[in-house]
Amino acid sequence: MEANFTINGIEFKITPSTISIETTLNDFIRKHAKLTGTKFMCLEGGCGACIVMLKGVHPVTKQNTSWAVKNSCLQNIYSCHGLDIITVEGIGSKKDGMHKIQKRLADFNGTQCGFCTPGMVMNMFH
Ligand code: FES
């Protein structure tokens, strides 16, 4: 068993000898891809702090599609085979220029502590 996917355009190839089969998408993004913009809090699919976007071919319609993953904390990384994963770093940053959703939230103080803001941005981005 192996899985190939991209995160923000960077290719990853994993096998159980290198990445545990119990690894979640959130764990992989944060610990292995070193992208800590995607947060976690409840780790049970309830808060939305860990939302990312996936792009790929729909298994039934066979059309290219994208969807927000509301619980990357629960989704297994091996289920992402063949998909393109987009995190909050992939849509914009201070360094490369913020996406209009990020800029609008920042300009209008649309956050409180900001911890769950990346999840809100990715949900609106989709
Ligand atoms: S950490 Fe709360 S839904 Fe994933």
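Structural notes, computed from the coordinates. (Residues numbered from 1 in each chain as written. Predicted model: local features only at pLDDT ≥ 70, side-chain atom pairs only at ≥ 80, totals over all residues. Heavy atoms only, no water.)

1. Overview of the pairing of strand S4 (residues 64-69)
So, step 1. The sheet contact formed by strand S3 (residues 52-57) and S4 spans six bridges and is antiparallel. Residue pairing across strands places Leu54 opposite Trp67, the latter belonging to S4. (Pairing = 2+ DSSP bridges. Helix = DSSP H or I, 4+ residues; strand = E, 2+ residues; numbered from the N terminus.)

2. Quick notes on the environment of Gly48
So, step 1. In this structure, Gly48 sits in the loop between helix H1 (25-32) and S3.
So, step 2. Between the C-alpha atom of Gly48 and that of Phe12, which follows or precedes it by 36 residues, the distance is 25 Å.
So, step 3. In this view, Gly48 contacts Lys70 and Gly119; residues no more than four positions away in its chain are not counted. (Contact = heavy atoms within 4.5 Å.)

3. Let's talk about the packing of aromatic side chains
So, step 1. Taken as a whole and assessed by the stated rule, the structure comprises three aromatic pairs.
So, step 2. Geometrically, the ring pair formed by Phe5 and Phe28 is edge-to-face, given 5.3 Å between the ring centres and 85 degrees between the ring planes. Residue Phe5 is located in strand S1 (residues 3-7), and its partner Phe28 is located in helix H1; the two are separated by 23 residues in the primary sequence. The pair Phe5 / Phe28 is uniform in exposure class, with both members buried.
So, step 3. Ring geometry for Phe12 against Phe28: centres 5.3 Å apart, planes inclined by 85 degrees, an arrangement best described as edge-to-face. Linking Phe12 in strand S2 (residues 10-14) with Phe28 in helix H1, this pair joins segments that are 16 residues apart in sequence. (Phe/Tyr/Trp six-rings, centres within 6.5 Å; stacked < 30°, edge-to-face > 60°. Buried < 20%, exposed > 50% of the residue type's maximum accessible area, 1.4 Å probe, protein only.)

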